[in-house]
Amino acid sequence: MKRIRPLSLLLPVLAAGVAPAGVLAQQDPLGALYDSAYVNWQDGAYPGALAQLERLLQAPGGDRFLEPVALLTGELYHAQQIAPDGRNIRFSPNGRFIAYETGTRSDVRTHIVDISGDMPRAVAEVPGAGLVFSPDGERVAYIAPPEQPSTALKAAYDDFERLRAARADQQELRRRARAIAVLEALEARVMMRELESGRERTVEAGEDLAKLEVAFSADGEALYLTAYPRGQTDRTVVVELREGRPRAELVSGPDVYTGLVAVPGGRHLVYAAGRDAIAVRDLSTGATRTFHGTQPALSADGSTLVFVAEENGENTVNVVSLRDDADEPVVVERTRNPVAAPALSPDGRLVVYQMMPREDWELYVVARDGTGKHRLTNEIQHDIAPRFLDSRRVLALIGEPRHRRSYLYDVETGERTRLHHNNTVRTVAPEYEWAASPDGSKVVIVADRDGNTISPERSVWMLDLDRKVTRDEVLARIRANLAHERDLRERGERMFAPIAEEVRAAVRDVSATRIYGYASDVFRFGSKHITQPGNRKAIEYYAEKLREFGYEPELQWFEPRPGIRTANVVATLRGTVDPDLVYVVSSHFDSVERGPGADDNSSGATALLEAARVLASRPQPRTIKFAFFTGEEAGLLGSREFVRRAAEEGMKVVGALNNDMIGYANDVRLDNTIRYSNHGLRDLQHAAAFLFTDLITYDAEYYRGTDAAAFYQAWGDIVGGIGSYPILGNPHYHQAHDVLETVNQRLVAEVSKTTVASIMLMASSPSRLTGLQVTRQGQDVEVSWTPAAESDVRSYVVTYRTPGGESRTTVVRDARVRLPGVPPDSEIVVKAVNERGLESWDGARAAAP
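Quick summary incoming for the structure in this document. (Residues numbered from 1 in each chain as written. Predicted model: local features only at pLDDT ≥ 70, side-chain atom pairs only at ≥ 80, totals over all residues. Heavy atoms only, no water.)

### Topic: the overall build of the protein chain
So, step 1. Of regular secondary structure, the protein chain possesses 15 helices and 47 strands.
So, step 2. For the protein chain, whose C-alpha radius of gyration is 30 Å, the value lies close to the compact-globule estimate of 29 Å for 849 residues.
So, step 3. Each principal axis of the C-alpha distribution contributes one length, and for the protein chain these read about 85 × 75 × 70 Å.
So, step 4. Taken over 849 residues, the protein chain has a buried fraction of 58%.
So, step 5. Surface accessibility of the protein chain: about 35,000 Å² in total, with carbon and sulfur atoms responsible for 47%.
So, step 6. Here the protein chain contributes 101 positive and 119 negative side-chain charges, whose respective centroids are spaced 2 Å apart. (Helix = DSSP H or I, 4+ residues; strand = E, 2+ residues; numbered from the N terminus. Rg over C-alpha atoms; globule rule 2.2 N^0.38 Å. Buried < 20%, exposed > 50% of the residue type's maximum accessible area, 1.4 Å probe, protein only. Areas by Shrake-Rupley, 256 points an atom, 1.4 Å probe, with all protein chains shown as cover. Lys, Arg positive; Asp, Glu negative; His and termini not counted. Charge placed at Lys NZ, Arg CZ, Asp CG, Glu CD.)

In structure tokens form, the structure reads like this:
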């Protein structure tokens, strides 16, 4: 979630950017108002910032601040949802259509949408993947799966399922899957479809070819098919399929040919030949030039090819003219630094590529003759995957695969503009795929715009770069966020009120100095991977520290691999009221094999250690277990072992927090992401942060690939936690340079404070109720639930919200109630309330029949 620069850097009227607030107010009161709102926003004081921005846009002359306000609060360009789920997006060459895929394995479907009107219009849905548009954009070709699988293919399917059910060796299953893929490709069909009429026909390709990829010729009158000849998966052919002519074999050889492109102009084919070669075939002469290299890219006009290569320990970016048949490429970059992802401007005059001058990727631009090289980015996260939208603008990404964000760059001025957002204050919106229209006016993005990375659906959005948001749209965005922020704060204050003073006293004891001491100690152990000596040293260290704090830690030794012994370290703070009900707060202490893992995850483990110290003398009503997990980087081994033992013991785990990678700060802000599976815990942790700490929190529905997954699989959606600014923003992630000096220990301390506040409220409050049942009795509904597990519960709050938004609440003492006049589909929420007035941190929910 990139910060927007102050207005002093955006608007000429504030170009100096150094005037004191009083002087600035005299010179430009509106500029001073924006400046104040910007500072409040950066400090996480969102209600104040949003109220100021609302006043600013409503003031006479406030319209000149529209663009910076839009970028501060979300998107500048109008966004439209194309589909609720999709992947593998692409534009037609005429920019009129887009295509995307859904489904898996044999159920893959490709959808074609006309985006030329005011509203997207579905044009076609076809089976299969790998669809390509004709050069004029009016037809498509694709490889469709067999209509009726043969007896041999059906037998292969059955055999595979039998072996999988028998838990056969994974290597054997992969071999069978590859064999099935070849059979499917042999029986697949090459299809051609006219988009206007919907007419479709099969393109005869022969039954002797296992069909892999299809591409149109430059004139659109033929198809090029890449395939394996039957029984020859060690040989690849490229054949031309042209109506009225016999199949013509263009290329044949032992290499695997992929990514074939017919270059505009009709003279050349470009394709990857094996893993490290690029071939350029002249269709007029049959001659083929081969270049050692990878990652080929073409200019839109077909004049130029660019690729990267490695030679004598140096990495190069190479440019080839396809119009003058030059034998040798022009080397526009030669360096020992890693280079990748070259791209060309539409006319081939400029090259943009990524290079790693130190620990993270940066973007560079150079002319195709090697002159005028300049650095485009200076971001401490990775800048990657650049592509030109037109001769001046570049689309590129920032971050790691699980949370990348898109930006536009002006290659002349270096000015950067955030592209995609979900227009909310808190929720992050990971992006996964990007496609630009041929004229550069539109960008289609696949993203979890709602922040839900748990569900497999990823929606498809189109941003119109010719249509900026209006003042009314930005005002509506601001007002919606202001209402949400005020409601979040009001609810947070209410939920913490009964124990607020106790929480404040506890978080005051959290010490960044102590946390740095722990971090410095474990950093000296080097790698703490389960295969390294540092793992056992860390186990001994955390156990000894916990003993110093007064705990009797349990070491859960186990042998995940032959000859390798490792252990979780678990400290128990016994509950004072219901000790049989357990909350778990966890972090893994191990690292990847190649480095010490100062952020991933000594940051989480040292914050947990400080939380355990602070709470050691402050027992809570329910039991808290502080779990230091081993083997996360080797496959979530420690958390799974903890869960296994907990199940054997019959441990009643009713809630959990897991922190992972909490110490990386991208800028001056102390911010991080709540990664949750439970909406109640999400809001609880937001409140813990803004009420008791300086931490600024975002959120994402996220647990996969972390120790939180073990909790989710064992006990359902009872887990929250913090980590990975916003998700995997750290360029040192899983690298040898994830070292102590890259971690902001004050940020770690603020997360530790948030964890202390969160777990104190969780362990003091009733947990979520179970067994909720709703049955209709005429106009009324009968609601019942299992009585609360906590012994100090005194009543229950039952609320129902109608589909129209009306809400009614009643308080009862028994675990059942009859609600009169409840409309169908009303949401019923039930929470327990204990003797201190604390409600369940999440409600049990059901819909009225």
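Following the structure, the description resumes.
### Re unusual backbone geometry
So, step 1. Cis geometry marks the peptide bond from Asp600 to Asn601; its omega dihedral reads 5°.
So, step 2. The residue Asn601 is located in helix H11 (residues 598-615) in this model.
So, step 3. Phi is positive for Asn88, which is not a glycine, with a value near 50°.
So, step 4. Secondary-structure assignment places Asn88 in strand E2 (residues 87-91).
So, step 5. Phi at Asn423 is positive, roughly 65°, even though this residue is not glycine.
So, step 6. Mapped onto the secondary structure, Asn423 falls in the loop between strand E29 (416-418) and strand E30 (431-436).

### Side note on the packing of aromatic side chains
Both the distance between ring centres and the angle between the ring planes are used here to describe each pair of aromatic rings.
So, step 1. Scanning all chains against the criterion turns up 19 aromatic pairs.
So, step 2. Where Tyr583 meets Trp841, the ring centres are 6.5 Å apart and the plane angle is 65°; that geometry is what we call edge-to-face. Here Trp841 lies in the loop between strand E46 (827-834) and strand E47 (844-847) and Tyr583 lies in strand E35 (residues 578-588), a separation of 258 residues in the sequence. By the burial criterion, Tyr583 is buried, and Trp841 matches it.
So, step 3. Ring pairing ties together the aromatic residues Phe525, Tyr541, Tyr542, Phe589 and Phe628, which thus form one cluster.
So, step 4. Over the ring of Trp461 we find Arg449, and its NZ or CZ is 4.0 Å from the ring centre.
So, step 5. One Lys or Arg, Arg489, reaches over the ring of Phe690 and ends 4.5 Å from the middle of that ring. (Phe/Tyr/Trp six-rings, centres within 6.5 Å; stacked < 30°, edge-to-face > 60°. Lys NZ or Arg CZ within 6 Å of the ring centre and 35° of its normal.)

### Some words on the sheet that holds E47
So, step 1. Pairing within the open sheet is antiparallel, and its 4 strands lie in the order E44-E43-E46-E47. The sheet terminates laterally at strand E44 (807-812) and E47, the two strands that pair on one side only. Across this sheet, the average inter-strand angle for adjacent strands is 20°, counted without regard to direction.
So, step 2. Here E46 runs beside E47; their pairing, made up of 4 bridges, is antiparallel. In the sheet register, Ile828 faces E47, and the bridge partner there is Ala846. (Pairing = 2+ DSSP bridges. Axes fitted to C-alpha atoms, helices over the stretch in contact; angles between N-to-C directions.)

### Considerations on the sheet that holds strand E14 (residues 257-262)
So, step 1. With respect to topology, 4 strands assemble into an open sheet ordered E14-E15-E16-E17, the strand pairing being antiparallel. Strand pairing shows two members of the sheet lacking a second neighbour, E14 and strand E17 (288-292), which therefore form its edges. Averaged over neighbouring strand pairs, the angle between their axes works out to 20° when direction is ignored.
So, step 2. Direction of pairing for strand E15 (residues 268-273) relative to strand E16 (residues 277-282): antiparallel, over a ladder of 5 bridges. Residue pairing for E16: His268 is matched across the bridge by Asp282.

### Comments concerning the pairing of strand E4 (residues 109-114)
So, step 1. Of all 6 residues making up E4, 5 are buried, and the element is well covered by its neighbours.
So, step 2. Bridging between strand E3 (residues 97-102) and E4 involves 6 bridges; their strand directions are antiparallel. Within the sheet, the bridge partner assigned to Ala99 lies in E4 and is Ile112.
So, step 3. Two successive antiparallel strands, E3 and E4, enclose a turn made up of 6 residues, where Gly103 displays a positive phi of approximately 85°.

### Comments concerning the side chain of Ser406
So, step 1. Summarising the element assignment, Ser406 is placed in strand E28 (residues 403-410).
So, step 2. Residue Ser406 is classed as buried on the basis of its relative accessible area, which comes to 0%.
So, step 3. A distance of 2.8 Å separates the side chain of Ser406 from the side chain of Glu431, its partner in a polar contact.
So, step 4. The contacts of Ser406, once residues within four sequence positions are left out, are Leu395, Ala396, Leu397, Arg418, Leu419, His420, Glu431, Trp434 and Ile445. (Polar contact = N/O pair within 3.5 Å; in protein donor to acceptor, adjacent residues only side chain to side chain. Contact = heavy atoms within 4.5 Å.)

### A closer look at helix H12 (residues 637-649)
So, step 1. End to end, H12 covers 19 Å across 13 residues, agreeing with the expected 18 Å (1.5 Å per residue, within 8%).
So, step 2. For H12, the complete set of buried residues consists of Gly638, Ser639, Glu641, Phe642, Val643, Arg645 and Ala646.
So, step 3. Close packing links the buried residues of H12 with strand E33 (554-561), strand E34 (564-573), E35, strand E36 (622-629) and helix H14 (708-715).
So, step 4. A positive phi of about 70° marks Gly650, the residue just after H12. (Expected span 1.5 Å × (residues − 1).)

### What about the side chain of His686?
So, step 1. Within the fold, His686 resides in helix H13 (residues 679-692).
So, step 2. Using a relative accessible area of 1% as the deciding quantity, one classes His686 as buried.
So, step 3. Not counting chain neighbours up to four residues away, the residues in contact with His686 comprise Arg426, Leu488, Ile674, Thr697, Tyr698 and Asp699.

### Considering the nonpolar core
So, step 1. Grouped together as the largest cluster of nonpolar side chains are 69 residues, with contacts concentrated most on Tyr542, Leu546, Phe626, Phe628 and Val756.
So, step 2. With 11 residues, the top contributor of residues to this core is helix H15 (residues 745-764).
So, step 3. Leaving out residues up to four positions away in the same chain, Tyr542 has contacts with Val522, Val569, Phe589, Ala605, Thr606, Leu609 and Phe628.
So, step 4. Residues Leu57, Leu397, Ala447 and Leu482 belong to the second largest nonpolar core, which totals 52 residues. (Core = buried A, V, L, I, M, F, W, Y, C linked by side-chain atoms within 4.5 Å.)

### Some details on the packing of helix H7 (residues 471-496) against H13
So, step 1. With their axes 9 Å apart at the nearest point, H7 and H13 run at an angle of 85° to one another. Viewed along their axes, H7 and H13 adopt a mutual orientation that is roughly perpendicular. Where H7 abuts H13, its residues Leu488, Arg489, Arg491, Gly492, Glu493, Met495 and Phe496 lie against Asp683, Leu684, His686, Ala687, Ala688, Phe690, Leu691 and Phe692.
So, step 2. Here the contact of H7 with H13 is built from residues that sort into 9 nonpolar, 2 polar and 4 charged. (Parallel < 35°, antiparallel > 145°, perpendicular 65-115°, else oblique. Nonpolar A, V, L, I, M, F, W, Y, C, P; charged D, E, K, R; others polar.)

### Re helix H4 (residues 66-73)
So, step 1. Extensive coverage of H4 is indicated by the burial of 7 of its 8 residues.
So, step 2. When H4 is considered as a whole, its buried residues turn out to be Leu66, Pro68, Val69, Ala70, Leu71, Leu72 and Thr73.
So, step 3. Check the buried side of H4 and you find it contacts helix H2 (29-42), helix H3 (46-58), E29 and H7.

### Examining the packing of H11 against H15
Angle between the axes and distance between the axes are the two parameters that describe a pair of packed helices.
So, step 1. The interhelical angle for the contact between H11 and H15, taken along N-to-C directions, is 50°, at an axis separation of 9 Å. When the axis of H11 is compared with that of H15, the two are oblique. Crossing of H11 over H15 shows right-handed handedness. Along its contact with H11, which presents Ser603, Thr606, Ala607, Glu610, Ala611, Val614 and Leu615, the element H15 presents Val748, Ser752, Val756, Ile759 and Met760. (Left-handed = near helix turned anticlockwise from the far one by under 90°.)

### Section: the pairing of E35
So, step 1. By the criterion of burial, E35 is predominantly enclosed, with 9 of the 11 residues buried.
So, step 2. Of the pairings in the sheet, the one linking E35 to E36 comprises 8 bridges and is parallel in character. Considered in E36, the bridge of His588 is made with Phe629.
So, step 3. As defined by bridge partners, E35 adjoins strand E37 (residues 652-658) across 6 bridges and the pair is classed as parallel. In the sheet register, Ser586 faces E37, and the bridge partner there is Asn658.

### What about the environment of Ser724?
So, step 1. Within the secondary structure, Ser724 sits in the loop between strand E40 (719-720) and H15.
So, step 2. In this structure Ser724 comes out as buried when scored by relative accessible area, which is 4%.
So, step 3. Spatially, the C-alpha atom of Ser724 lies 15 Å from that of Val739, the residues being 15 residues apart in sequence.
So, step 4. In this view, Ser724 contacts Asp660, Met661, Asn672, Arg675 and Gly729; residues no more than four positions away in its chain are not counted.

Note that every value here comes from positions in space, so none of it alone points to a role or purpose.
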